[in-house]
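Tertiary structure, described
Residue-level listing of the chains:
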Amino acid sequence: ISGIIILFERPIKVGDRIEIGSTHGKVLKVSPRATTILTNDNISIIVPNAEFMSSRVINWSHNDDKIRFHVSVLVPFSSDFDFVTKILLEIASENPDVLEEPAPDVRLESFEENGIKCTLLVWSSSLMHRQGKLKSNINKAINRKFNENGIHIPYPQRVFTIKGEGLKEQT
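Being a predicted model, the structure only gives us computed values, none of them experimental.

Ranked by size, the top nonpolar core spans 23 residues in total, and within it L88, L120, V122, I138, I142 and F146 carry the most contacts. Of all the elements in the fold, those that place two or more residues in this core are β6 (67-75), α3 (81-94), β8 (116-124) and α4 (131-148). Not counting chain neighbours up to four residues away, the residues in contact with L120 comprise F69, H70, V71, L88, L89, A92, D105, V106 and I138.

Structure below.
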């Protein structure tokens, strides 16, 4: 019955990019009994259609073939957020896999223990199935551009005070 529902309601179809449980991939085939999903590692996984009725399914391409990526970066508290935003948007515009529309955006997410967490939001349709590659390419560009512009990604720092008999206080 699950297969018939999938075939008629079409919550997933051949070519869709989906996640069900820990399985991520492209739908290759939908039959009355099972659905075949091809992972990024070129592994075909056959999922019984009953799982689609009882599990949460994320369909990345149900209505459209573009998805939004979130690339977070930590910058020092002393950073000029407008300048950081300008650089991140330049990085997005220079990446051929990032769509111009919808336009990329930068968000100040939070103030963390060691710096300001910013998130670059970009849309892509060409690397929808290779999210790690797009994020890696953007992170490499962030590292390069930040170094060129004197923005250093903060790292955790700790101060220890040692006290003891016969010892001077040191910090």
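Having seen the structure, we can now continue with the description.
When pLDDT is averaged along the protein, the result is 87, and 91% of the positions lie at 70 or above. No element of the protein has a lower mean pLDDT than helix α1 (residues 2-9), which averages 65, and none a higher one than α3, which averages 97.

Topologically, D16 is positioned in the loop between α1 and β1 (17-20). The exposure class assigned to D16 is buried, which follows from its relative accessible area of 3%. There is a polar contact of 2.8 Å between the side chain of D16 and the side chain of N59. Apart from the residues lying within four places of it in its own chain, the contact partners of D16 are P11, G25, K26, V27, N59, S61 and H62.

Okay, the packing of α3 against α4 next. For the pair α3 and α4, interaxial distance at closest approach is 10 Å and the crossing angle is 135 degrees. Judged by the angle between their axes, α3 and α4 are oblique. For the pair α3 and α4, the sense of crossing is right-handed. Within the contact between the two elements, α3 uses V84, I87, L88, E90, I91 and E94 and α4 uses I138, A141, I142, K145 and F146. Its residues placed into classes, the contact of α3 with α4 shows eight nonpolar, no polar and three charged.

Our focus in this paragraph is the environment of G25. Position of G25 among the secondary structure elements: in strand β2 (residues 23-30). Between the C-alpha atom of G25 and that of N40, which follows or precedes it by 15 residues, the distance is 6.3 Å.

Turning next to the sheet that holds strand β3 (residues 34-38). Strand order in the open sheet formed by five strands is β4-β3-β2-β1-β5, with antiparallel pairing between adjacent strands. Two strands lie at the open edges of the sheet, namely β4 (44-48) and β5 (57-59), each paired on one side alone. Recorded for the sheet is a direction-independent mean angle of 40 degrees between the axes of neighbouring strands. One ladder, built from three bridges, connects β1 with β5; its direction is antiparallel.

Tallied over the full model, the rule gives six salt bridges. Close ionic contact of K13 with D16 constitutes a salt bridge, the shortest N to O distance being 3.1 Å. K13 sits in the partly exposed class, given a relative accessible area of 25%. Ionic pairing is found between R144 and E148, a salt bridge with its closest N-O pair at 3.7 Å. Taken as a pair, R144 and E148 lie in helix α4 at a separation of four residues, close to a single helical turn. The exposure class assigned to E148 is exposed, which follows from its relative accessible area of 53%.

How each quantity is defined
Residues numbered from 1 in each chain as written. Predicted model: local features only at pLDDT ≥ 70, side-chain atom pairs only at ≥ 80, totals over all residues. Heavy atoms only, no water. Core = buried A, V, L, I, M, F, W, Y, C linked by side-chain atoms within 4.5 Å. Buried < 20%, exposed > 50% of the residue type's maximum accessible area, 1.4 Å probe, protein only. Helix = DSSP H or I, 4+ residues; strand = E, 2+ residues; numbered from the N terminus. Contact = heavy atoms within 4.5 Å. pLDDT = per-residue confidence, 0-100. Polar contact = N/O pair within 3.5 Å; in protein donor to acceptor, adjacent residues only side chain to side chain. Axes fitted to C-alpha atoms, helices over the stretch in contact; angles between N-to-C directions. Parallel < 35°, antiparallel > 145°, perpendicular 65-115°, else oblique. Left-handed = near helix turned anticlockwise from the far one by under 90°. Nonpolar A, V, L, I, M, F, W, Y, C, P; charged D, E, K, R; others polar. Pairing = 2+ DSSP bridges. Salt bridge = Lys/Arg side-chain N within 4 Å of Asp/Glu carboxyl O.

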